[in-house]
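Coordinate inspection notes
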Amino acid sequence: MKIAIIGLGFVGLSLAAVLASKGYKTIGIDIDKKKCTSIAKGNPTFFEPELEKTLKKGLKNNLIISNEFSLIKECDFVFVTVGTPQRADGAIELSMIKNSATKIGKILHNTRKNPVILIKSTVIPGTMKNIILPILEKNSKKKAGKDFGLISNPEFLQETTSIKDTKFPHAVVLGGYDTKYMKKTKSFFSKLHPKTPIVITNHQTAEMVKYANNSFLATKISFINQLSNICQNIPEANVDDIAKTIGLDPRIGKLFLNAGPGYGGSCLPKDMKALINFASSVGVKPILLNAVEEINQKQIQQIIKIIEKKLKGISSKKITVMGTAFKPDTDDVRDSISIELIKNLLKMKAKITIYDPRAIENTKKIFTNKISYKNSISGALEKSQCVIFMTHWKEFEKINNKSIKGMKRKLVIDCRRIFVGKKINAEYYALGIGK
Ligand code: UGA
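Below: a short report on this structure. (Residues numbered from 1 in each chain as written. Predicted model: local features only at pLDDT ≥ 70, side-chain atom pairs only at ≥ 80, totals over all residues. Heavy atoms only, no water.)

**Looking at the overall build of the chain**
- Each helix and strand in the chain was counted, giving 14 helices and 14 strands.
- Its C-alpha atoms give the chain a radius of gyration of 24 Å, within 12% of the compact-globule value 22 Å for 435 residues.
- Its C-alpha atoms give the chain principal-axis dimensions of roughly 70 × 45 × 40 Å.
- Taking all 435 residues of the chain together, the buried fraction comes to 55%. (Helix = DSSP H or I, 4+ residues; strand = E, 2+ residues; numbered from the N terminus. Rg over C-alpha atoms; globule rule 2.2 N^0.38 Å. Buried < 20%, exposed > 50% of the residue type's maximum accessible area, 1.4 Å probe, protein only.)

**What about the pattern of salt bridges?**
- Summed over the entire model, instances satisfying the criterion amount to 21 salt bridges.
- As a salt-bridge pair, Glu137 and Lys143 come within 3.5 Å of each other at their nearest N and O atoms.
- On the basis of relative accessibility, which here comes to 18%, the residue Glu137 falls in the buried class.
- With a shortest N-O distance of 2.7 Å, Arg251 and Asp249 are connected by a salt bridge.
- Judged by its relative accessible area of 75%, Arg251 falls in the exposed class.
- A relative accessible area of 21% means that Asp249 is categorised as partly exposed.
- When salt bridges with common partners are traced through the structure, they connect Asp76, Lys113 and Lys184 into a single cluster. (Salt bridge = Lys/Arg side-chain N within 4 Å of Asp/Glu carboxyl O.)

**Quick notes on unusual backbone geometry**
- Its identity as a non-glycine residue notwithstanding, Glu236 has a phi of 65 degrees, on the positive side.
- Looking at the secondary structure, you find Glu236 in the loop between helix H8 (203–231) and helix H9 (239–247).
- At Lys349, a position not held by glycine, the phi torsion is positive, near 70 degrees.
- With respect to the helices and strands, the residue Lys349 is situated in the loop between helix H12 (337–347) and strand E10 (351–355).

**With respect to the pairing of strand E2 (residues 25–29)**
- Along E2, 4 of the 5 residues are buried, which leaves the element largely enclosed by surrounding structure.
- One ladder, built from 5 bridges, connects strand E1 (residues 2–6) with E2; its direction is parallel. The residue of E2 that forms the bridge with Ala4 is Ile27.
- Handedness of the β-α-β unit built from E1, helix H1 (residues 10–21) and E2 comes out right-handed.
- When E2 meets strand E3 (residues 64–66), the two strands line up parallel, connected through 3 bridges. When the bridges of E3 are listed, Ile27 appears paired with Ile64. (Pairing = 2+ DSSP bridges. Right-handed = clockwise from strand over helix to strand, strands pointing away.)

**Digging into the environment of Leu118**
- Within the secondary structure layout, Leu118 lies in strand E5 (residues 116–119).
- Separated by 21 residues in the primary sequence, Leu118 and Ile97 place their C-alpha atoms 12 Å from one another.
- With near-sequence residues (within four places) excluded, Leu118 lies in contact with Phe77, Val78, Phe79, Val80, Ile151, Asn153, Thr185 and Phe189. (Contact = heavy atoms within 4.5 Å.)

Below is the structure:
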C-alpha cells in the first residue's frame with residue numbers, strides 16, 4: 001500500500017513523518033522545492049517538538065519527499081493537507097485546494113488505480129460537494145464513489161503536540177458516501193488507530209465538525225477571559241482557582257480555561273471568522289460567535305489600559321514584550337496576540353524590545369528594524385520601563401528579582417499569571433487577579 005500526502009505544513013508533514021516511521025510506504029509532496037530539499041535532509045522548515053526525530057525515522061524507512069505530483073499515480077490513499085488561509089473578507093482562500101484538486105484530477109485521468117482522496121484541509125460546509133468533487137470529476141473524467149473514493153477527513157491536531165496528536169487522535173471523522181472506498185478507509189484507520197472512535201458521516205457534517213470543534217475551544221477561551229476581566233475588579237479574586245474548580249465539573253472539563261491575552265495562531269482566529277462569515281451567508285446571525293471574537297479582540301486593550309495609566313502615556317516609553325510565539329514550544333507567530341499588541345504599541349509610539357526563546361527570527365520578518373530584539377531575558381529588560389509577559393514559556397518561571405534588576409521602572413504585567421504567589425519587587429499586575 002502506498003500513501004501520498006500533498007502539502008507539507010504542520011498537518012501534512014506530521015502525517016507523512018508518522019506514517020513513514022510506522023513503516024507505511026509514504027510520499028510527501030509540496031510545490032515548494034526549497035522546502036522539499038530541506039525536509040528530505042531531515043530538517044523541517046519550522047520548529048515542532050518530536051517532528052525532526054520522527055521525520056528522520058521516516059526518512060530511514062524510505063519516506064519520499066518530492067515536488068512531483070505525478071507520484072500519486074501509484075498511490076492507494078492521497079491525503080490533501082494544503083492550507084486554506086484567510087481572505088480579507090474573513091472567508092477562506094481556496095486557490096491551493098482547487099489547484100491540488102485539478103492536478104489530482106488530471107493524474108487520475110491517466111491511471112488505472114482507484115485511489116481514495118482524503119481532504120484534511122479545513123473547508124466550509126459544502127466545499128467538497130460543490131467545489132472539490134466537480135473539479136476532480138471534470139479533470140479526471142471519472143466518477144467519485146465509482147472510480148475513486150472521496151472522503152472528508154478533518155484534522156484536530158494542535159501545534160506543539162502534532163506528533164502525539166497524529167499518532168493518537170481523539171477521533172477520526174470520515175465524511176462521504178457508503179461505498180467500498182469508505183469501507184477500505186475505515187479499515188485503514190482502525191488498523192492505524194485501534195483505540196480511536198471512528199465517526200462516519202456525510203461530507204457537510206464532517207466539514208462542519210471541524211468548525212464546531214475550533215469555535216467551541218475559542219468560546220471556552222473567551223468565556224474564561226471575560227471572567228478574568230470581571231475577577232480583576234474583585235479584590236483578590238483569582239481566575240485560575242475559578243477555572244480549576246469549574247473544570248472539575250465533568251460537564252465543563254478543565255482544558256482550554258487558561259485565561260490570557262486572547263487566542264491566536266493560524267487556526268482559531270481564522271476558523272472563527274470563516275464560521276461567522278458562513279453563518280451569515282446561510283441567514284444565521286452568529287450572535288455568540290461574534291461575542292467570542294469581540295472579547296478576543298478587546299483583550300489586549302486591558303493590557304494597554306494598565307500601561308497607559310501607570311506610565312502616564314505610551315509615547316516614547318521603553319516597553320519589553322516577553323514571548324511573541326502564539327503559544328509556548330513553537331516558533332510560530334502567525335496571528336499571535338503578542339504581535340498584535342506590539343503593532344498597537346508601535347502605533348502609540350512606544351519603543352519596543354522583545355525576547356522569545358524560539359520566535360525571534362519569525363518576529364524579525366514582521367517588524368524588521370522597527371523594534372529591538374534581545375537574545376537574553378536580562379538584556380531585554382535592561383532600562384525597560386515596563387515588561388509584559390505574553391507567552392508562558394517555561395524559562396520565564398525562573399525570573400526573579402535579580403533578573404529584573406536592570407529595569408528602569410519595575411512595572412510587570414503578567415498575562416499568564418506566571419509570578420502569582422512569588423515575591424517579586426515590582427508593581428505587579430496579573431490578568432485575572434483582583435487588585
Ligand atoms: C487549534 C486547535 O486546538 C486544534 O484542535 C486544531 O486542530 C488546530 O487549531 C487547527 O485547526 O489546525 P492550535 O492553533 O495549534 O490548535 O493552538 P491551540 O493550542 O488551540 O491554541 C490557540 C490559542 O489559544 C493560543 O494563542 C493559546 O495561547 C490560546 N489558549 C489556548 C488560551 O489562551 N487559553 C487556553 O486555555 C488554551
